[in-house]
Amino acid sequence: MTKAEEAGELPLDGAGEPPLTAEAFTFLTRPGLTRLWTAARTRLERNGLRPTGTIRLQHLDGAEREALSLLLAKPVTGATATVRLPDLDTRLRSSAVGRDLTATLTALGPPLTDRRAARDAAAAERSHLWSTAAATLASTPLSAHPWAAQWLEEIRRSGTLTRQPSAIALTTATQAIQTLATLYPDRRPDPTPATWGRGELATRTTGSAHGLDDGTLLSRLVLRGIALAQGMDSPTDAPGRRALWRRASVTPDEVSSTVLTYGLRPRGGTWQEASLRERAAHAMETHLTLRELRGLHLELPQGTRIHVCENPRVVEAAADAGRDAALVCTSGSASTVVLTLLDALAAAGCVFAYHGDFDWAGIVLANRMMRRYEADPWRMTAADYEYLATRTQLHGTPPLALAGPPVEASWDSELAPAMEALGVALHEEAALDLLLEDLEDLE
């Protein structure tokens, strides 16, 4: 036990005031004073921590009237009481509490917040942010470009940066300006002819190769500046963002992400089309990057049916069985490279059939594929699900519980209720033999 505790006192509250005695603390924290302290705290925080004005307490019960009477040293008998904060402050100073209203509320906790001072500090931080950003921009070649001032003003008006912690906001603004100044180093409206890798540019201006990764606040700010410089609208999707980076002589990463394909036999005389046909003839799968897709001419017979699956195991099994059907695998999510390939195939006049997992995430992905490409369901109906669920049970396969909120299947209104009723998730491999039969029937 500490000496303060032995003396019947509470520990120091950190405000430099003498500690409250245990008796005073017990009195001040009685339930009958709770509403008084809440209202007083709100008024003080709004008034710059100055005890001015009055508070009005209505619908007082007996316990509250008794507590207020003892605290204020005068009877409170009605259902409503008006308390002047200067009087309450004086009363607390002269009582056994021995401290003013602000110190009392601090001792009772939590710490008070001077909201007026906080607003003033936030305004000062915003002013510092934009004055520093304007000065930084003025010190670069960007000052010669009318779009640069417009860009900075748009960012200021949007509030995007001021919603960030002040240090992060200032760093991000400075790095965005430095990045744009690197791309537009003189008065020419076109960017420097030097070609940058996006990771290289990010390392140069932020110190991190991932500083300009897609989805970061910094990349969004820089892309908005490039769009203004080019007289274009800001892109709304990943392909548009990559195209805009290239307009500024920045090469985004187009090789790390791939789409798994099988059996594609495009027409055309270049080595790329020939390579795909050769691999298809030898029942070999192919991983295509965005870089390859940009240079690939996908011309197939009108109406060519492309089977789209979710799991790579389907492609592997089709290749092992020597199937001739064309397959594209989403690998669990419709990434940019997957959508880029499917978009190109759709533009070439191909039609699609889709199969995926029977879980809620799988239904979300299937809905996206069905709607975007008007794909036909490939063994994805309620009847298919019920048959597979029964079969796995008969085979003694341990059930996998269906988790998450239900998702309605856009192509079959009975599928989601059937899945909810059985409560079993089925991965695509559960239907593998049936899918291979379908692909065999096409040959």
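Rules used throughout
- Residues numbered from 1 in each chain as written.
- Predicted model: local features only at pLDDT ≥ 70, side-chain atom pairs only at ≥ 80, totals over all residues.
- Heavy atoms only, no water.
- Helix = DSSP H or I, 4+ residues; strand = E, 2+ residues; numbered from the N terminus.
- Rg over C-alpha atoms; globule rule 2.2 N^0.38 Å.
- Buried < 20%, exposed > 50% of the residue type's maximum accessible area, 1.4 Å probe, protein only.
- Contact = heavy atoms within 4.5 Å.
- Areas by Shrake-Rupley, 256 points an atom, 1.4 Å probe, with all protein chains shown as cover.
- Disulfide = S-S within 2.5 Å.
- Core = buried A, V, L, I, M, F, W, Y, C linked by side-chain atoms within 4.5 Å.
- Salt bridge = Lys/Arg side-chain N within 4 Å of Asp/Glu carboxyl O.
- pLDDT = per-residue confidence, 0-100.
- Pairing = 2+ DSSP bridges.
- Arc of directions from axis to C-beta.
- Expected span 1.5 Å × (residues − 1).
- Lys, Arg positive; Asp, Glu negative; His and termini not counted.
- Polar contact = N/O pair within 3.5 Å; in protein donor to acceptor, adjacent residues only side chain to side chain.
- Axes fitted to C-alpha atoms, helices over the stretch in contact; angles between N-to-C directions.
- Parallel < 35°, antiparallel > 145°, perpendicular 65-115°, else oblique.
- Left-handed = near helix turned anticlockwise from the far one by under 90°.
- Nonpolar A, V, L, I, M, F, W, Y, C, P; charged D, E, K, R; others polar.

**Things to note about the overall build of the chain**
Item 1. Assigned secondary structure in the chain consists of 20 helices and 12 strands.
Item 2. Relative to the 2.2 N^0.38 estimate, which gives 22 Å for 443 residues, the radius of gyration of the chain is 34 Å and therefore markedly larger than a compact globule would have.
Item 3. Burial analysis of the chain (443 residues in total) assigns 43% to the buried set.
Item 4. Taking as baseline every contact in the chain between residues at least 6 positions apart, the subset at least 24 positions apart corresponds to 67%.
Item 5. Roughly 22,400 Å² of accessible area belongs to the chain as shown, and the carbon and sulfur atoms make up 52% of that amount.

**What about the state of the cysteines?**
Item 1. For the structure shown, the criterion picks out zero disulfides.
Item 2. A disulfide-free cysteine, cysteine 309 has its sulfur positioned 4.0 Å from the sulfur of cysteine 329, the nearest such atom.

**Topic: the environment of glutamate 437**
Item 1. Position of glutamate 437 relative to the elements: it lies in helix α20 (residues 432-441).
Item 2. Look at glutamate 437 and you get partly exposed, because its relative accessible area is 40%.

**With respect to the nonpolar core**
Item 1. Grouped together as the largest cluster of nonpolar side chains are 68 residues, with contacts concentrated most on Ile306, Leu342, Leu345, Phe352, Ile363 and Leu415.
Item 2. In terms of residues, this core owes the most to one element, helix α17 (residues 360-373), which gives seven residues.
Item 3. Ignoring anything within four residues of it in the chain, the contact list for phenylalanine 352 reads Arg305, Ile306, Val308, Leu342, Leu345, Ala346, Tyr373, Ala375 and Asp376.
Item 4. Counting residues in each nonpolar core, the second largest holds 36 residues, with Val222, Ala227, Ala229 and Val250 among its members.

**Some remarks on the pattern of salt bridges**
Any two side chains of opposite charge can pair if their charged atoms end up close together.
Item 1. Enumeration according to the criterion identifies 17 salt bridges in this entry.
Item 2. Between arginine 93 and aspartate 89 there is a salt bridge, with its nearest N and O atoms 2.9 Å apart. Placement of both arginine 93 and aspartate 89 in helix α5 (residues 85-94) is noted, with a separation of four residues, approximately one turn of the helix.
Item 3. Aspartate 214 is the salt-bridge partner of arginine 241, the closest N and O atoms lying 2.7 Å from each other.

**Details of the confidence of the model for the chain**
Item 1. Chain-level pLDDT for the chain is 89 on average; 94% of the residues reach the 70-or-more range.
Item 2. Mean pLDDT values over the elements of the chain span from 43, in helix α1 (residues 3-6), up to 98, in strand β9 (residues 351-354).

**With respect to the sheet that holds strand β10 (residues 376-377)**
Item 1. Reading across from one edge, β6-β5-β8-β7-β9-β10 is the order of the six strands in this open sheet, with mixed pairing throughout. With one partner strand each, in any of the chains shown, β6 (286-289) and β10 form the two edges of the open sheet.
Item 2. Inspection of the sheet shows β9 paired to β10 by two bridges, in the parallel sense. Note that in β10 the partner of tyrosine 354 across the bridge is proline 377.

**With respect to α5**
Item 1. Residues of α5 that are buried include every one of Leu85, Leu88, Asp89 and Leu92, and no others. The buried residues of α5 occupy an angular sector of 100° when projected down its axis, which confines them to one face.
Item 2. Looking at the buried positions of α5, the neighbouring elements they touch are α3 (34-46), β1 (54-57), α4 (62-72), β2 (81-84) and α6 (101-108).

**Considerations on the environment of valine 97**
Item 1. The residue valine 97 is located in the loop between α5 and α6 in this model.
Item 2. With 263 residues separating them in the primary sequence, valine 97 and tryptophan 360 have C-alpha atoms 61 Å apart.
Item 3. What valine 97 contacts, discounting residues up to four positions off in sequence, is Leu20, Leu28, Leu92 and Thr104.

**Notes on helix α8 (residues 146-158)**
Item 1. Across its 13 residues, α8 extends 19 Å between first and last C-alpha, which sits within 8% of the 18 Å expected from 1.5 Å per residue.
Item 2. Among all positions of α8, only Trp147, Ala148, Trp151, Leu152 and Ile155 are buried. Taken end-on, α8 shows its buried residues confined to a sector of 140°, consistent with a single buried face. For α8, exposure combined with an orientation more than 90 degrees from the buried face picks out Pro146 and Arg157.

**Description of the side chain of arginine 43**
Item 1. Position of arginine 43 among the secondary structure elements: in helix α3.
Item 2. For arginine 43, which is buried and forms no salt bridge, the nearest opposite charge comes from glutamate 45, at a distance of 11 Å.
Item 3. Polar contacts involving the side chain of arginine 43 include one to the main-chain carbonyl oxygen of threonine 54, which spans 3.0 Å.

**Things to note about the packing of helix α15 (residues 312-320) against α20**
Item 1. At a closest axis distance of 10 Å, the pairing of α15 and α20 adopts a crossing angle of 50°. With respect to α20, the axis of α15 lies oblique. Crossing handedness for the pair α15 and α20: right-handed. From α15, Arg313, Val314, Ala317 and Ala318 reach across to α20, where they touch Leu432, Leu435, Leu436 and Leu439.
Item 2. Within the contact of α15 with α20, the residues separate by chemical class into seven nonpolar, no polar and one charged.

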